[in-house]
Amino acid sequence: MNFNEISGQRQLTFMQQFDYIREAGTPAELQAAQTIQQELAAFGVDSHTEEFEIDTCQILEATFTVTEPYEKTYTIAGYGRCGNTPDGGIEAPFLYAENGDDISLSYARGKIVMVNNPMRPDMYQKLVKAGAVAFLTVTGDPIDEGVDRTPSARALPPMAETPIQGAALHHIDAAEIVTRGAERARLTLKQQSGKATSRNIIARIPGTDLAAEILTLTAHYDSVPAGKGAYDNMAGCAIIMELCRYFKAHQPRRTLEFVWFGAEEKGLVGSRSYVTAHEDELVHHMFNMNVDLAGQLIGGTVVGVTGDAAICHMIEYMAHEIGMGMSTKNQIWGSDSNSFAWKGVPAMTLNRDGYGMHTRHDTIELISPWSLQRSAQLLGYIADRLAQIPVMPFPRQIPEEFTNQLNRFLNR
Ligand SMILES: [Zn+2]
């Protein structure tokens, strides 16, 4: 691979077109999709979109009041996609269960239970099993002021059953509630669900003599409603765009498919739609290379590999060859690579640590051309080696423990 053809500055210039919030299912996300397609067309790559439906929800009412031994109403953000409380809300004893450990939750039955962020499906299910009647999560930082004192909108990932409702509460209020010894509280949550359309953008660079084998390079382009998502994840979009440009000029032996996913932040909805729609073709997919969280300067690069441990050794060896610091973790990963691994395709997510994910501070001001360039070179090197090697150097299988975990997370 010719590293001189990878430009961090060009990636940053591309990213400057997306300095807005791109929540899935909104006109802003559609606008971003169109801009991605225009960029591809500008260097001669055809693309198409594949639409899918997402569940939306609008919070109509969310109130939380401590009723005993004092009375005070706190500002909260209701969780979308967990239904409505009964008329008049739920009034019950209050419990702070910290990280939702088993000891704390053994006292949860019949209570409104507050736990620390993040709220994931496994924690939700633990709360339900423990008999909680409603939940609160703690969000924000103790140094927050002004607009940062208001928890931002949030929703649970899609789940089959949501018997209890919940909301997010700010850190400072959560501390006050525990300090003042809240014993009983009331939560009211009303929401309305609907449907919206999101889409994936797909561009294919056909291979030469090994064209029947497909490698994917992927990144999600939607953002959370709270922030513009430069680090999470327009930077990943820029990195794979730069590589698409490179491989257009240097045709690989294997086929490279580039996918910009919509609705990742809604629970990997775009990638799940992709692996379902392309299920028949997946037998030809050898490896997924996803990027999620990238582009900030101060940080370190971690590649999460959901596949055989041999892939970790291979990637570390390749990084050694080009002298780029990074490390690997062999596990499932909370991003679109999970959808591929779930369907049996070995997958990785390139991830760089950074600041401000899912907040209003995730802006392009913190994005560095130096970082974009390095990540694109590292990922490009891996993709190029795998696109050229005569036989894939690792087994096309997912270790059983990962399959079991993925089934728990994704078969909902
Ligand atoms: Zn992300």
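Just so it is clear, the structure is predicted and the values come from calculations on it, not from any experiment. Going along each chain's sequence as written, the residues are numbered from 1 onward. Where local features are concerned, this predicted model is filtered to residues with pLDDT of at least 70; where side-chain atom pairs are given and counted, the filter is 80 or more; whole-chain, interface and lining totals use all residues. Side-chain metrics rest on all non-hydrogen atoms present in the structure, leaving aside hydrogens and water.

(A) Structural context of the pairing of strand 11 (residues 254-261). When you tally the buried positions in strand 11, you get 8 out of 8 residues, the bulk of the element. By the convention used here, strands pair only if DSSP detects at least 2 bridges between them. The numbering of helices and of strands both runs from the N terminus, where a helix is a DSSP run of H or I of at least 4 residues and a strand a run of E of at least 2. By the bridge criterion, 8 bridges tie strand 10 (residues 210-220) to strand 11 in an arrangement that is parallel. When the sheet's bridge partners are listed, Ile214 is paired in strand 11 with Thr255. We call a residue buried when its accessible area falls under 20% of the maximum for its residue type, exposed when it is over 50%, and partly exposed in between, using a 1.4 Å probe and counting protein chains only.

(B) The nonpolar core, seen in detail. Leu40, Phe258, Trp260, Phe287, Ile315 and Leu379 are the most contacted members of the largest nonpolar core, which totals 67 residues. Here this core gets 13 residues from one element, more than from any other, and that element is helix 6 (residues 230-249). The contacts of Phe258, once residues within four sequence positions are left out, are Ile201, Ile202, Ala203, Ile205, Leu217, Ile240, Leu243, Cys244 and Phe247. Only buried Ala, Val, Leu, Ile, Met, Phe, Trp, Tyr and Cys residues count toward a nonpolar core, and they belong to the same one when joined by side-chain atoms within 4.5 Å. By the convention used here, residues are in contact when the closest approach between their heavy atoms is within 4.5 Å.

(C) Structural detail: the pattern of salt bridges. Counted as salt bridges are all cases of a side-chain nitrogen of Lys or Arg within 4 Å of a carboxyl oxygen of Asp or Glu. Enumeration over the complete set of coordinates arrives at 19 salt bridges. Residue Arg184 pairs with Glu91 through a salt bridge whose shortest N-O separation is 3.2 Å. Note that Arg184 is positioned in strand 9 (residues 184-205) and Glu91 in strand 4 (residues 90-96), a separation of 93 residues in sequence. Overall, Arg184 belongs to the partly exposed group, its relative accessible area being 24%. Salt-bridge contacts for Glu257 lead to Arg204; the nearest nitrogen and oxygen are separated by 2.6 Å. Of this pair, Glu257 sits in strand 11 while Arg204 sits in strand 9; the two residues are 53 residues apart in sequence, bridging distant segments of the chain. Taking the relative accessible area as the measure of exposure, Arg204 reaches 36% and is therefore partly exposed. Each of Lys72, Glu176 and Arg180 takes part in one network of salt bridges that share partners.

(D) Quick look at the domain arrangement of the protein. Domains assigned within the protein are domain 1 (3-55 + 196-410) and domain 2 (62-193). These domain boundaries are the output of an automatic or database domain assignment. Each of domain 1 and domain 2 was reduced to a C-alpha centroid, and the two centroids are 34 Å apart. Each side of the interface is counted separately: domain 1 has 7 residues, and domain 2 has 7 residues. Put simply, buried area is how much 1.4 Å-probe accessible surface two parts lose in total, over both of them, once they are put together. Interface of domain 1 and domain 2: buried area, both sides summed, is about 630 Å²; carbon and sulfur atoms make up 54% of it. In this structure, the connection of domain 1 to domain 2 is made through 1 salt bridge. The residue Arg360 makes a salt bridge to Asp148 at a minimum N-O spacing of 2.7 Å. Counting of polar contacts relies on pairs of N or O atoms within 3.5 Å, with two restrictions inside protein: one atom must be capable of donating a hydrogen and the other of accepting it, and residues adjacent in sequence are counted only when both atoms are side-chain atoms. Applying the counting criterion to the domain 1 and domain 2 interface returns 3 residue pairs in polar contact (both at pLDDT 80 or more). Among the residues making up the side of domain 1 that touches domain 2, the classes are represented as 2 nonpolar, 2 polar and 3 charged. Each residue is assigned to one of three groups, with Ala, Val, Leu, Ile, Met, Phe, Trp, Tyr, Cys and Pro labelled nonpolar, Asp, Glu, Lys and Arg labelled charged, and all others, Gly among them, labelled polar.

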